[in-house]
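Topology and contacts: notes
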Amino acid sequence: IPVTTDDSIFIEFIEETEEGGKKIPTRRVMETGPDDLIVNLNIARGVFWERGQNPIPVIKGDREAKYGLIEQIMKNMKENDLNVFQLVTEFKVEAR
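A brief look at the structure comes next. Note that this is a predicted model, so its numbers are computed, not measured.

Points about helix α2 (residues 67–79)
Here α2 spans 18 Å end to end across 13 residues, near enough to the 18 Å set by a 1.5 Å rise per residue. Every buried residue of α2 is accounted for by Leu69, Ile70, Ile73, Met74, Asn76 and Met77. Projected onto a plane normal to the axis of α2, the buried residues spread over an arc of 160° and lie on a single side. Of the exposed residues in α2, those oriented more than 90 degrees away from the buried face are Tyr67, Lys75, Lys78 and Glu79.

In structure tokens form, the structure reads like this:
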């Protein structure tokens, strides 16, 4: 679940499609808002459940994103019993 500098929220996942008997991984990206996040996240998780997998959502907050939005996402997830997730951020590495 990337959250960008301009506070846009996306759900990214890999969906497998079949072509000619071969499974082809396809990257899917859905833009969402904080109010629709849980519905859209469950759509994405359904793809994994069909494969017998139980994914752990990862919230990837851009270092310029507003913390209040990240906090709202975590609150929405907890209120919907999605208590297991990871939170990652990017740090700027300065040259030495």
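Focus: helix α1 (residues 37–50)
Between its first and last C-alpha, α1 extends 20 Å over 14 residues, near the 20 Å set by a 1.5 Å rise per residue. Contacts made by the buried residues of α1 are with β2 (9–19), β3 (22–32) and α2. Within two residues after α1, Gly52 carries a phi angle of roughly 75°, on the positive side.

Let's talk about the pairing of β3
Consecutive residues of a regular strand have side chains that alternate between opposite faces of the sheet. Pairing geometry for β2 and β3, over 11 bridges, is antiparallel. Note that in β3 the partner of Ile9 across the bridge is Thr32. If you look at the hairpin formed by β2 and β3, you'll find 2 residues sitting between the two strands, and Gly20 has a positive phi there, around 60°.

Section: the nonpolar core
The biggest cluster of nonpolar side chains holds 20 residues, and the ones touching the most others in it are Val3, Ile59, Ile73 and Met77. Listing elements by their share of this core, those giving two or more residues are β2, α1 and α2. No other element matches α1, which puts 6 residues into this core. Apart from the residues lying within four places of it in its own chain, the contact partners of Val3 are Ser8, Ile9, Ile59, Lys60, Gly61, Asp62, Ala65, Leu69, Ile70 and Ile73.

Let's talk about the packing of aromatic side chains
Taken as a whole and assessed by the stated rule, the structure comprises 1 aromatic pair. Lying across the ring of Phe48, Arg51 places its NZ or CZ 4.8 Å from the centre.

Re the side chain of Asn40
Structurally, Asn40 can be placed in helix α1. For Asn40, the residues in contact, after removing those within four places along its chain, are Ile11, Met30, Glu31 and Thr32.

Parameters at a glance
Residues numbered from 1 in each chain as written. Predicted model: local features only at pLDDT ≥ 70, side-chain atom pairs only at ≥ 80, totals over all residues. Heavy atoms only, no water. Helix = DSSP H or I, 4+ residues; strand = E, 2+ residues; numbered from the N terminus. Expected span 1.5 Å × (residues − 1). Buried < 20%, exposed > 50% of the residue type's maximum accessible area, 1.4 Å probe, protein only. Arc of directions from axis to C-beta. Contact = heavy atoms within 4.5 Å. Pairing = 2+ DSSP bridges. Core = buried A, V, L, I, M, F, W, Y, C linked by side-chain atoms within 4.5 Å. Phe/Tyr/Trp six-rings, centres within 6.5 Å; stacked < 30°, edge-to-face > 60°. Lys NZ or Arg CZ within 6 Å of the ring centre and 35° of its normal.

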